[in-house]
Amino acid sequence: ERRLHLRERDIVHGRLSRLTARERQVMEYLVEGKSDKHIANELGISVRGAAFHRAHILEKMEAGSLVELAKKVSKLDGATGSGAVGAGGFIGLRRS
């Protein structure tokens, strides 16, 4: 079971490496449940741009929904114990 969990984590890491820095920033907000409008305001981009990034993130991460994306990302958080998603932001990109 542990081996399977580590394999899943490695797959998610591989998919994560396909994301651009901006897509990782947008993903932080998405897994926190923020709307495209909120993301656009926070990052200084258009709502349409935020939606564009969301679509690419879901495609690259092979997630059918935002809920599925959050589950995939939470596997990284739980596996590493590093608090990948939380107050410090996902992989340390966003500062609160």
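Residues numbered from 1 in each chain as written. Predicted model: local features only at pLDDT ≥ 70, side-chain atom pairs only at ≥ 80, totals over all residues. Heavy atoms only, no water.

(A) Region of interest: helix α2 (residues 21-31). Here α2 lies mainly inside the structure; eight of its eleven residues are buried. Within the span of α2, buried status applies to Glu23, Arg24, Val26, Met27, Glu28, Tyr29, Leu30 and Val31. One or two steps after α2, the chain reaches glycine 33, where phi turns positive at roughly 85°. (Buried < 20%, exposed > 50% of the residue type's maximum accessible area, 1.4 Å probe, protein only. Helix = DSSP H or I, 4+ residues; strand = E, 2+ residues; numbered from the N terminus.)

(B) Geometry of the side chain of glutamate 23. One can find glutamate 23 in helix α2. Ignoring any residue separated from it by four or fewer positions in sequence, one finds glutamate 23 in contact with Arg18, His53, His56, Ile57 and Lys60. (Contact = heavy atoms within 4.5 Å.)

(C) How the structure looks around unusual backbone geometry. Positive phi outside glycine occurs at glutamate 62, with the angle close to 55°. On the secondary structure map, glutamate 62 appears in the loop between α4 (47-60) and α5 (66-80).

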